[in-house]
Amino acid sequence: FLVQWYPDALKTPHDGILPIQSASEFHAESFRHLLKAGMEYFPAHLGFLFHENSDGNIPIDKAVRTFSDEAMNIVQDCIPPSESYPILHYAIRTVPSLLDAFVPRYPMALYLRDADGRLPLHAALDSGMKWSIGVILMINSASRALKERDPVTGFLPFMLAASGPHSDLMTVFHLLRRDPDLLDKCLFDGDSDIGD
């Protein structure tokens, strides 16, 4: 009710902590009301659900630890899966450990692109995410993404999993096992990244 008079109160930290962070530690209904108001006034920031506070905590992470599944139900009520919010990209960047909770609730978000044109699978693999329930869910739910090159690196998903300091052979194996023709395609297309 009071937030209607001054919506900026939702993004004003007190001692470095946003109101949604405080609510995520104590009361589920307060968390719901603040997230709902945050989505009404600041949808581009997803209601500050993924905002890291000065104490290093992230509201959704704290809420899940405090309220368990109820927190994810609240998120799904306040941020409907039918909307076009890049919620999986936020989860990958800030709370990758919760990706397996987000993917089943937001299957349409698997096809949403971030500002760089990346799909969630590209962002997850490039960030070093290894073979996990979250990655398995993304692959099973959005299998066409396996054939699509990452617009930032130009790599296919199996290449993203194989590159960089966080490369993971298990992930590469399962991605290629899912579609072995991708390797042949890369070799026959003269992909300069293969074999160098």
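Everything here concerns the structure above.
Residues numbered from 1 in each chain as written. Predicted model: local features only at pLDDT ≥ 70, side-chain atom pairs only at ≥ 80, totals over all residues. Heavy atoms only, no water.

Help me out: how do you make sense of the overall build of the protein in this one?
Across its full length, the protein holds eleven helices and zero strands. Traced from its N-terminal end to its C-terminal end, the protein shows the element sequence α-α-α-α-α-α-α-α-α-α-α. Considered along the principal axes of its C-alpha atoms, the protein spans approximately 65 × 30 × 25 Å. The buried share among the 196 residues of the protein stands at 43%. (Helix = DSSP H or I, 4+ residues; strand = E, 2+ residues; numbered from the N terminus. Buried < 20%, exposed > 50% of the residue type's maximum accessible area, 1.4 Å probe, protein only.)

What am I meant to see in the nonpolar core here?
Here is a general trend for soluble globular proteins: nonpolar side chains tend to be buried in one another's company. In terms of nonpolar packing, the biggest core is built from 62 residues, with Phe50, Ile60, Val75, Ile87 and Phe102 touching the most fellow members. Leave out the neighbours within four places in its chain, and Ile60 touches Leu49, Phe50, Met72, Val75, Val95, Leu98 and Phe102. (Core = buried A, V, L, I, M, F, W, Y, C linked by side-chain atoms within 4.5 Å. Contact = heavy atoms within 4.5 Å.)

Looking at this structure, how should I read the pattern of salt bridges?
Pairing between side chains of opposite charge can happen when the charged atoms of each approach one another. One pass over the full model with this rule turns up eight salt bridges. For the salt bridge of Arg32 with Glu29, the shortest nitrogen-to-oxygen distance reads 3.3 Å. Taken together, the residues span about one helical turn, with Arg32 and Glu29 both in helix α2 (residues 28-41) at a distance of three residues. Given the relative accessible area of 21%, Arg32 is considered partly exposed. Its relative accessible area of 32% is what places Glu29 among the partly exposed residues. The partner of Lys147 in a salt bridge is Asp179, with the nearest N and O atoms 2.5 Å apart. Here Lys147, found in the loop between α8 (133-141) and α9 (157-162), pairs with Asp179, found in the loop between α10 (169-178) and α11 (181-188); they are 32 residues apart in sequence, far enough to count as distant. What makes Lys147 exposed here is its relative accessible area of 54%. Through salt bridges with shared partners, a single ionic network connects Glu29, Arg32 and Asp77. (Salt bridge = Lys/Arg side-chain N within 4 Å of Asp/Glu carboxyl O.)

Just to check I follow, could you spell out the packing of helix α3 (residues 59-67) against helix α4 (residues 69-78) for this structure?
Two elements in contact, α3 and α4, have axes whose closest approach is 6 Å; the angle formed by their N-to-C orientations is 130°. Relative to α4, the element α3 lies oblique. Residues Ile60, Ala63, Val64 and Phe67 of α3 pack against Asp69, Glu70, Ala71, Met72 and Val75 of α4. Residues that form the contact of α3 with α4 fall into these classes: seven nonpolar, no polar and two charged. (Axes fitted to C-alpha atoms, helices over the stretch in contact; angles between N-to-C directions. Parallel < 35°, antiparallel > 145°, perpendicular 65-115°, else oblique. Nonpolar A, V, L, I, M, F, W, Y, C, P; charged D, E, K, R; others polar.)

Which parts of the structure should I look at to understand α2?
Residues spaced three or four apart along an α-helix face the same direction, because each turn holds 3.6 residues. Taking 1.5 Å as the rise per residue, α2 with 14 residues should run 20 Å; its terminal C-alpha atoms sit 20 Å apart, in good agreement. Regarding α2, the residues found buried are Ala28, Phe31, Leu35, Ala37, Gly38 and Met39. In this fold, the buried residues of α2 make contact with α1 (19-26), α3 and α4. (Expected span 1.5 Å × (residues − 1).)

For this particular structure, what's the right way to read the environment of Ile133?
Among the structural elements, Ile133 can be located in helix α8. Residues Ile133 and Asp100, spaced 33 residues apart in sequence, show a C-alpha to C-alpha distance of 5.8 Å.

How should unusual backbone geometry be read in this particular structure?
Glycine aside, a negative phi is what most residues show, and trans is what most peptide bonds show. The backbone phi angle of Leu46 is positive, close to 50°, even though this residue is not glycine. Note on placement: Leu46 falls in the loop between α2 and α3. Taking relative accessible area as the criterion, Leu46 reaches 1% and is therefore assigned buried. Phi is positive for Phe48, which is not a glycine, with a value near 65°. Structurally, Phe48 is set in the loop between α2 and α3.

Whenever I open this one, the packing of α2 against α4 confuses me. Can you help?
Angle between the axes and distance between the axes are the two parameters that describe a pair of packed helices. The contact between α2 and α4 brings their axes to 9 Å, and the two run at 25°. It follows from the interaxial angle that α2 and α4 lie roughly parallel. Two packed elements cross with a definite hand, and for α2 against α4 that hand is right-handed. Counted together, Ala28, Phe31, Arg32, Leu35, Lys36 and Met39 of α2 and Glu70, Ala71, Ile74, Val75, Asp77 and Cys78 of α4 form the full contact between these two elements. Here the residues of the contact of α2 with α4 sort into eight nonpolar, no polar and four charged. (Left-handed = near helix turned anticlockwise from the far one by under 90°.)

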